[in-house]
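Chains, contacts and geometry: an overview
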2 protein chains.
Amino acid sequence: MTLEVVDEDLNLAIEDMEDLARGAAFLGTGGGGDPYIGRLVTQEAFRAYGPARILPPSKIADDALICSVAGFGAPTVQLEKLTSSEEVEFGFRRLEAYLGRKVDAILPAEIGGSNSMLPLMLGARVGLPVIDADGMGRAFPELQMNSLCVHGVRATPLVVIDEHMNFAVVEANTDRIAEEMTRALAIQMGLRVFISGFVMTGRQMKEAAILGTLTVALGIGRAIAKGRRDGDPVTSLVDYLRTTDYYRHAKVLFDGKIVDLERNTAGGFSVGVCRLQSLSGDKAAAEVTFQNENLVVRVNGETCAIVPDLICIVDRETAEPIPTQNLKYGQRVKVIGMSAPAKMRTPKALETFGPQAFKLPEPFQPIESI
Amino acid sequence: MTLEVVDEDLNLAIEDMEDLARGAAFLGTGGGGDPYIGRLVTQEAFRAYGPARILPPSKIADDALICSVAGFGAPTVQLEKLTSSEEVEFGFRRLEAYLGRKVDAILPAEIGGSNSMLPLMLGARVGLPVIDADGMGRAFPELQMNSLCVHGVRATPLVVIDEHMNFAVVEANTDRIAEEMTRALAIQMGLRVFISGFVMTGRQMKEAAILGTLTVALGIGRAIAKGRRDGDPVTSLVDYLRTTDYYRHAKVLFDGKIVDLERNTAGGFSVGVCRLQSLSGDKAAAEVTFQNENLVVRVNGETCAIVPDLICIVDRETAEPIPTQNLKYGQRVKVIGMSAPAKMRTPKALETFGPQAFKLPEPFQPIESI
C-alpha cells in the first residue's frame, strides 16, 4: 500500500474513533496529547453535529485556504486541564477574522492522540472538511518542527488561546521566534493552550504535508485491535507497519520493564529519561530520552533509533501506546522503532528536527541502516 | 494655575524638548524611560517631519478614536537597547489594522522621560495630534496601573512589538491578565518592547486621563532651568510644583547621599532598594523602595510618602531627576515627595496601584497628612 495514492474519503463512524485515536497516539511517539480525552471530545462533537468529512488531499483545490489547529504545551499539564471545544473554535474564528478570509479545510498539524482528534472535532463543529494528512506524520514538541515549515509554510499568523478565551495573535519573522513567543505565552497562560495557524494553500499542503496519515493511524489502531483478538497485538502492529510506505522499516528494539523514570515539566515541555531493563535476565538495559516526544533510544549504550525516526513505547501485552506523561515505574513495555517518511529525512528537515535540533550528540542514522 | 482649564495648543519648539523631557522624567518618579534617549529620537522626528501638534483635551472631539503608545519592559535594559522610531510606528499601524479603523489622536500612556516623548515622536511621524494629558500623571510599572483602566478603558487589544518587528496582538479578559501576557512576551522578546493599545474615545479620555500633564512637565523643566540660572534649582522646582493643582503638596523629604543600592532585573522589572544617609552628621537614614518607579520612602523607619503619591530622587545641586536605573552609590541627592492628582487617589484607584497592589505593608496616607 502506497499512502500517497489514497484518494477516497475516509468515512469515520463514531466506533472507529477508538482505533483512530489509538493509532494516532502510537504515531505521536509519546506526545501529541492524550488519546482518551481527545477522543471523548471528538465523539461528543460527532454526536452533536454529525461526523467530520475527511477528504483525501487529492480532493482539495490548489487554491483552497487551509489552516491547522492543535493543542500546545506540555502533555503532563493536559492531564489536569481538560480540553473544551469552545476555545478551539473561538481561536479558529479569531484567526479567520485576523486573515479577513474564511478557511476552506483543516489540516491536522501533527498526528498524536489528541492532536489528530481536535481537527476532527472542529471540522464537525464548524462544518469544514478535514484533510487526510498532517504536518509531520508523527508529533514534535516545537512549532517550527514540521514538514510544513521546512517547505516554506509559515506558522504565523498564529492565534494562541487559553480556556478563559484570553488570546494573542503572534506574528514573527521566523517560526523559531514564533515558537519562543508562543511558548512564553503558553507558560504564562497555564501551559494548556490551543493554537490556530499554519495558513497555506491546497497546493502548498500537497507539497509539504505528510499525506494519508489519518488512514494509516486508523490502520494501526485496527491492527492492534485485531492482534488483541488473535493473541499477539505487538506482532500484528509491526506486521501492519511493514505494509505501509512511510513506516515500513519497523522493529521491536527492546522488551523490558521501566526501572527508572525522570520526568520534569521544564521550559514549557515535559522532559526526561525513561530507563528500562530486560526481562530475560540478560542484563540488557535501554534508555529513552524525551522532550514531550521520544527522541532517542539507546540499548546498552548503542543508539538504535533517533529523531526524526519514530520511537514508540507500548504495553508489551496489549500494544497500548504509552504517552510520556503516562510512563510509570514498573511498567512492562516494548519499544518499537520505525522509519520516518522520506519528506521528514531531507537535509533541511534534519536541520530543523534532527538530533542536533534537540542537542543530542549523535548524528542521524536511518533505522534501517543501524 | 488649575491645569484642567488648559485649553491652548502647546506649541513646542525643538529647544523646549530638553525642558519637557527633564520635567517628564521628574514626574516619572524613577521610571518611564530615559529622558535623553527619548528626547533624541523625538528631536530627530521633529526635524524630519516638523513638530507634533499638541492639543488640549478640550479640543478633542468626544467621538475621536484615541490610543496610547509606550515603551514597556525594564528601564535597566533600555540603556542597552536603543529606541527606534520604525517599530513604534509599525506597532501603531498594526493596531490600526487590527481595529480596522484609523486613530485620530495619540495620548501618552504615562508621563516619564521617554514615555512622554515617544507619542510626540509618533505624532510628528504620522501627522497625528498628541493630547496634552496622560494616563496617570506619573509613571507606573504595570499595564493596568493607570487612571484609564480604573475608569473602564481597556488596555487590550494591545500590540506588543520588538526591534525586529516581531509582534503579537494581545486580547485578555482583564487588564491584569493582559499585563501578565504582555510581560511574558516582553521578557521573551528581550525586555525592551513597545506597546500600542488603550483604545478609547475622546469622551472617555476626558473623563479618565490626567489632563494638562505635558504642560506641567514643561513647567517643571523650565523651573529647574530657571533655578539653575538663579542658583537654587531644587527650591525653584518645589516652588513651581506648589503652584500646580495636582502636585501642590510638594516637599523635600530627605537630603543625603546614597550609601547602599540593591537593584535587580527580575520578573521583567527593575526592582530594588536605595538607602541614603544624611549629610549633616545627624545620622538620619532613608530608604526608597522601587519597582521600575519609586514606591515608598521611609526616613528613620517612618513612612514619608507612598504610592500613588510621587517620590522623585534628584541631584541635590542641579535638581536633575535620577531614574532608578541611573542611581549610583555615593550620589548626593534630594528626595522630593508630592501629592498625586485626585483621580489617582480614589478607592478604586488605590485598589489598582495603592501600596497593597505592590505588597507594601503600610496603608496609603496622603503626603499632606503625614
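Residues numbered from 1 in each chain as written. Chains lettered and ligands numbered in written order. Predicted model: local features only at pLDDT ≥ 70, side-chain atom pairs only at ≥ 80, totals over all residues.

**Observations regarding the overall build of chain A**
Defined as follows: Helix numbering and strand numbering both begin at the N terminus, where a helix is a DSSP run of H or I of at least 4 residues and a strand a DSSP run of E of at least 2. As defined in this context, the radius of gyration uses C-alpha atoms, and a globule is described by 2.2 Å times the residue total to the power 0.38. Exposure classes come from backbone-placed C-beta atoms, where a residue is buried if 20 or more other C-beta atoms lie within 10 Å of its own, exposed if 12 or fewer do, and partly exposed in between. Any residue pair is listed as a contact if its two C-beta atoms, each placed from the backbone, are within 7 Å.
Of regular secondary structure, chain A possesses eleven helices and 16 strands. A compact globule built from 370 residues should have a C-alpha radius of gyration of about 21 Å, and chain A, at 19 Å, falls within 12% of that. Reported as C-alpha extents along the three principal axes, the dimensions of chain A are approximately 65 × 40 × 40 Å. Within chain A, the proportion of its 370 residues that are buried is 58%. Long-range pairs, those at least 24 residues apart, make up 75% of the contacts in chain A with a sequence separation of at least 6.

**Digging into helix α1 (residues 17-27) of chain B**
Because each turn of an α-helix spans 3.6 residues, side chains separated by three or four positions end up pointing in the same direction. Summarising burial for α1 of chain B: ten of the eleven residues are buried, a large majority. Along α1 of chain B, the residues classified as buried are Met17, Asp19, Leu20, Ala21, Arg22, Gly23, Ala24, Ala25, Phe26 and Leu27 of chain B.

**Some remarks on the relation of the copies chain B and chain A**
Inclusion rule: For the least-squares superposition of copies, only C-alpha atoms count, and only for residues with pLDDT at least 70 in both.
At an RMSD of 0.0 Å, chain B and chain A line up after a rotation of 180° and a shift of 0.0 Å along the axis. Seen this way, the second copy is the image of the first under a two-fold rotation axis. The rotation axis passes nearest to the C-alpha of Val169 of chain B in chain B, at a distance of 2.5 Å.

**A short note on the nonpolar core**
Our working definition: We define the nonpolar core as any set of buried residues of the types Ala, Val, Leu, Ile, Met, Phe, Trp, Tyr and Cys, connected via C-beta atoms lying within 7 Å of each other. Where each domain begins and ends is defined by an automated method or by a domain database.
Core analysis: the largest hydrophobic core is formed by 249 residues, its most contacted members being Val160 of chain A together with Val160 of chain B. Counting contributing residues, this core receives three or more from each of domain 1 (3-211) and domain 2 (247-369) of chain A. Discounting residues that sit within four places of it in the chain, Val160 of chain B has contacts with Phe72, Phe167, Ala168, Val170, Thr182, Leu185, Ala186, Val193 and Ile195 of chain B.

**Topic: the sheet that holds strand β10 (residues 250-266) of chain A**
All names here are of chain A. We count it as follows: At least two bridges found by DSSP between two strands are what make those strands a pair. Every axis in this analysis is a line fitted to C-alpha atoms, fitted for helices over the stretch in contact. Angles between the N-to-C directions lie between 0 and 180 degrees.
Sheet architecture is open: seven strands sit in the order β14-β13-β12-β11-β10-β16-β15, paired in antiparallel fashion. Two strands lie at the open edges of the sheet, namely β14 (302-306) and β15 (310-315), each paired on one side alone. The sheet shows a mean angle of 35° between the axes of neighbouring strands, direction not considered. Strands β10, β15 and β16 (332-338) of the sheet are contacted by helix α10 (residues 233-243), whose axis makes an angle of about 100° with β10.

**Topic: the interface of chain B and chain A**
The criterion, for reference: Put simply, Ala, Val, Leu, Ile, Met, Phe, Trp, Tyr, Cys and Pro go in the nonpolar bin, Asp, Glu, Lys and Arg in the charged bin, and everything else, Gly too, in the polar bin.
Opposite the 18 residues of chain B that make contact, chain A presents 18 residues. When residues of the side of chain B that touches chain A are traced back to their parent elements, those giving at least two are β7 (167-171) and α7 (175-188) of chain B. The dominant element in the side of chain B that touches chain A, judged by the number of residues it contributes, is α7 of chain B, at seven residues. In terms of residue class, the side of chain B that touches chain A is made up of twelve nonpolar, four polar and two charged.

**Digging into the environment of Ala319 of chain B**
Residue and element names in this part refer to chain B. Within the element layout of this structure, Ala319 appears in the loop between β15 (310-315) and β16 (332-338). Distance in space between the C-alpha atoms of Ala319 and Asp255 is 12 Å, their sequence separation being 64 residues. Not counting residues within four places of it along the chain, the set of residues in contact with Ala319 comprises Ile224, Gly227, Pro233, Val234, Leu237 and Val314.

**Examining the environment of Pro119 of chain A**
All names here are of chain A. If you trace the backbone, Pro119 turns up in helix α5 (residues 117-126). Sequence-wise, Pro119 and Ile131 are twelve residues apart; in three dimensions their C-alpha atoms are separated by 9.1 Å. What Pro119 contacts, discounting residues up to four positions off in sequence, is Val69, Ile106, Pro108 and Val130.

**Regarding the pairing of strand β2 (residues 65-73) of chain B**
All names here are of chain B. Of all nine residues in β2, eight are buried, a share of seventy percent or more. Where β2 meets strand β8 (residues 192-201), eight bridges bridge the pair, whose relative direction is antiparallel. Residue pairing across strands places Ala70 opposite Ile195, the latter belonging to β8. Sheet analysis places β2 next to strand β3 (residues 105-106), joined by two bridges and oriented parallel.

**Description of the domain arrangement of chain A**
Residues and elements named next belong to chain A. Each assigned domain of chain A is listed here: domain 1 (3-211) and domain 2 (247-369). Between the C-alpha centres of domain 1 and domain 2 the distance comes to 24 Å. Contacts between domain 1 and domain 2 engage 32 residues on the former and 25 residues on the latter. Considering every element that reaches the side of domain 1 that touches domain 2, the biggest residue donor is helix α1 (residues 17-27), with four residues.

**Brief notes about the packing of α1 of chain B against helix α2 (residues 35-49) of chain B**
Residue and element names in this part refer to chain B. What counts here: Less than a right angle of anticlockwise turn of the near helix away from the far helix marks a crossing as left-handed, whereas a clockwise turn marks it as right-handed.
Contact pair α1 / α2: the axes reach a minimum separation of 9 Å and the direction vectors enclose 145°. Along this stretch, α1 crosses α2, giving a crossing that reads as right-handed. Residues Met17, Glu18, Ala21, Arg22, Ala24 and Ala25 of α1 pack against Pro35, Gly38, Arg39, Thr42 and Gln43 of α2. Broken down by class, the residue content of the contact of α1 with α2 amounts to five nonpolar, three polar and three charged.

**Description of the sheet that holds strand β14 (residues 302-306) of chain B**
Residues and elements named next belong to chain B. Here we have seven strands laid out as an open sheet, ordered β14-β13-β12-β11-β10-β16-β15, and antiparallel in their pairing. A strand with exactly one partner marks an edge of an open sheet, and here the two such strands are β14 and β15. Across the sheet, the mean angle from the axis of one strand to that of its neighbour is 35°, orientation sign disregarded. Pairing between strand β10 (residues 250-266) and β16: seven bridges, direction antiparallel. Note on β16: the bridge partner recorded for Lys251 is Gly337.

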